[in-house]
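Residues per chain, in single letters:
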Amino acid sequence: MIEYLSLKRITAMHGDEINKAISDVVASGWYLNGSTVLCLEERYRTYIGTQHCVSCGNGLDALHLILRAYKELGQLHDGDEIIVPANTYIATILAITENNLTPVLVEPDITTLEIDDSRIEAALTSRTRAIMLVHLYGRCAYTERISNICKQHKIKLIEDNAQAHGCTYNGKLTGSLGDAAAHSFYPGKNLGALGDAGAVTTNDLELAETVRTLGNYGSSHKYVFDYQGKNSRMDEIQAAVLNVKLQYLDEENARRKEIAHYFEQHIKNNRISIPTVLNRDNVYHIFPILCAERDRLQDFLKENGVQTMIHYPIPPHKQKAYKEWNALSFPITEHIHREELSIPCNQTMSLSDAEQIVTLLNNFH
Ligand SMILES: Cc1ncc(COP(=O)(O)O)c(C=O)c1O
């Protein structure tokens, strides 16, 4: 059986180091707001290439805190519009609506599965204040065109880098390409903790300080509250795990790339399409394929010992949570959600696993 993703095996790759790091924290008696979190923030900001990194509880909070901080700083206001890909994971959209901002959904490109930059200008209005760029599936969604639109219209570029740790564009890491970026360290991510954790990266000191204050009950000094904030912090144990795993991120992404490039070169079945290879720096958090007979293909792979997932079965605009959008039509997004199947692609796999998957895919009729 080729599992879709075995967190047990991923953790076991550095098990001794992780266990040691955790027991050091346990023995220290200091579990929150300590030196391990500060160390992770410093290492992660250096890795991403930004001046600041503020850790927080999870990726949704990271997105939420960026938008909330811009509001507190007077740079966003209730009802402002934020452009976002219609096929993103729902967290990106939740962060916008829970801040009383308005998501403007834009279709992805069917060949790249990332936001279609040729459709963004048509979605701009006098209320547009930001583009929330999602590097979906660990594929770089940044383009010069998007950057130019932001500069020309003086709107912010916020990256949702939850799925793309280590992904680069012209040598710069995603998470350092815009005004601010949100990162998730959910266990299944390329850089995953053993529980929830997240972070914000930015070069904007004022934004970083406001995010930190908002995530600390709104308090910048003990028992002094500047905002009605929330409690969103990374604990020392998660930071200790991430400090270990960050050292291996590039090496593990390289392994993912090897597996993914094998898929890109060898999947040859006209019933199955794979996304266009944008550049060689994608980190393949997910390897999506599209197939009109997706469910039959999923059953066929399962019967032959390959576990798969669907990212995602229902698009945000068709969810009950956003009833008001249910009648809207985003044909490309809906097509992707109907046909998408994620095949195993991670650092624990061997090339022979990849070969086995390719043989099955190429024999699917
Ligand atoms: C694109 C995207 N954004 C945001 C998030 C939210 O991250 P978290 O699960 O850490 O809240 C996720 C996580 O699954 C994600 O895939």
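Scroll up a little and you will see the structure.
If you're wondering where the values come from, they're calculated on a predicted model, not measured in any experiment.

1. Observations regarding the pairing of strand 2 (residues 81-85)
- Taking burial as the measure, the five residues of strand 2 include five buried ones, the bulk of the element.
- Neither face of strand 2 is open: one carries E81, I83 and P85, the other I82 and V84, and all of them are buried.
- Both strand 2 and strand 3 (residues 102-106) contribute to a ladder of five bridges, which runs parallel. Following the sheet pairing, I83 is matched in strand 3 by V104.
- Assessed by its sense of winding, the connection that carries the chain from strand 2 through helix 5 (residues 90-97) to strand 3 is right-handed.

2. Overview of the packing of helix 3 (residues 35-48) against helix 9 (residues 236-246)
- In contact at an axis separation of 8 Å, helix 3 and helix 9 are set at 35° when each is read in the N-to-C sense. As for how helix 3 packs across helix 9, the hand of that crossing is left-handed. On helix 9, the residues that touch S35, T36, V37, C39, L40, R43, Y44 and Y47 of helix 3 are E236, A239, A240, L242, N243 and L246.
- Residues of the contact of helix 3 with helix 9, tallied by class, amount to nine nonpolar, three polar and two charged.

3. Looking at helix 12 (residues 331-339)
- Among all positions in helix 12, only I332, T333, E334, I336, H337 and E339 are buried.
- Of the surrounding elements, those touching the buried residues of helix 12 are strand 13 (287-291), helix 11 (294-303) and strand 14 (340-343).

4. Observations concerning the sheet that holds strand 2
- The seven strands are arranged 1-9-8-5-4-2-3 in an open sheet whose pairing can be described as mixed. What marks the edges here is a single partner per strand, and that holds for strand 1 (52-56) and strand 3. Each neighbouring strand pair of the sheet contributes to a mean axis angle of 20°, computed without reference to strand direction.
- Along the sheet face, helix 3 touches strand 1, strand 8 (180-184) and strand 9 (198-202) and points at about 130° away from the line of strand 1.
- Against the sheet, helix 4 (residues 59-72) engages strand 1, strand 2, strand 4 (128-134), strand 5 (156-160), strand 8 and strand 9, with an angle of about 160° to strand 8.

5. Some details on the pairing of strand 13
- By the criterion of burial, strand 13 is predominantly enclosed, with five of the five residues buried.
- With burial as the criterion, each face of strand 13 is covered, one bearing F287, I289 and C291 and the other bearing P288 and L290.
- Bridge analysis of strand 12 (residues 272-273) against strand 13 gives two bridges, and the strand direction is antiparallel. Residue pairing in the sheet places S273 in a bridge with L290 of strand 13.
- In this sheet, strand 14 lies alongside strand 13 in antiparallel orientation, the contact comprising four bridges. Looking at strand 14, one finds that P288 is bridged to S342.

6. A word on the nonpolar core
- In this structure, L67, I82 and M132 are the most contacted members of the largest nonpolar core, which totals 32 residues.
- When residues of this core are traced back to their parent elements, those giving at least two are strand 1, helix 4, strand 2, helix 5, strand 4, strand 8 and helix 8 (205-214).
- If you tally residues by element for this core, the top one is helix 4, at seven residues.
- Taken domain by domain, the makeup of this core includes at least three residues from each of domain 1 (7-106 + 113-246) and domain 2 (249-362).
- Excluding residues within four positions of it along the chain, L67 makes contact with L76, I82, A95, I96, N99, L101, M132 and I158.
- Judged by nonpolar contacts, the second largest core, of 24 residues, contains Y262, C345, I357 and F364.

7. Concerning the pattern of salt bridges
- What the rule picks out here adds up to 15 salt bridges.
- Between D61 and K230 there is a salt bridge, and its shortest N-O distance comes to 3.2 Å. Taken together, the residues span a long stretch of sequence, with D61 in helix 4 and K230 in the loop between strand 11 (224-225) and helix 9 at a distance of 169 residues.
- Of the charged contacts in the structure, one is a salt bridge between R119 and D116, with a shortest N-O distance of 3.2 Å.

What counts, and where the lines are drawn
Residues numbered from 1 in each chain as written. Predicted model: local features only at pLDDT ≥ 70, side-chain atom pairs only at ≥ 80, totals over all residues. Heavy atoms only, no water. Buried < 20%, exposed > 50% of the residue type's maximum accessible area, 1.4 Å probe, protein only. Helix = DSSP H or I, 4+ residues; strand = E, 2+ residues; numbered from the N terminus. Pairing = 2+ DSSP bridges. Right-handed = clockwise from strand over helix to strand, strands pointing away. Axes fitted to C-alpha atoms, helices over the stretch in contact; angles between N-to-C directions. Left-handed = near helix turned anticlockwise from the far one by under 90°. Contact = heavy atoms within 4.5 Å. Nonpolar A, V, L, I, M, F, W, Y, C, P; charged D, E, K, R; others polar. Core = buried A, V, L, I, M, F, W, Y, C linked by side-chain atoms within 4.5 Å. Domains from an automatic or database assignment. Salt bridge = Lys/Arg side-chain N within 4 Å of Asp/Glu carboxyl O.

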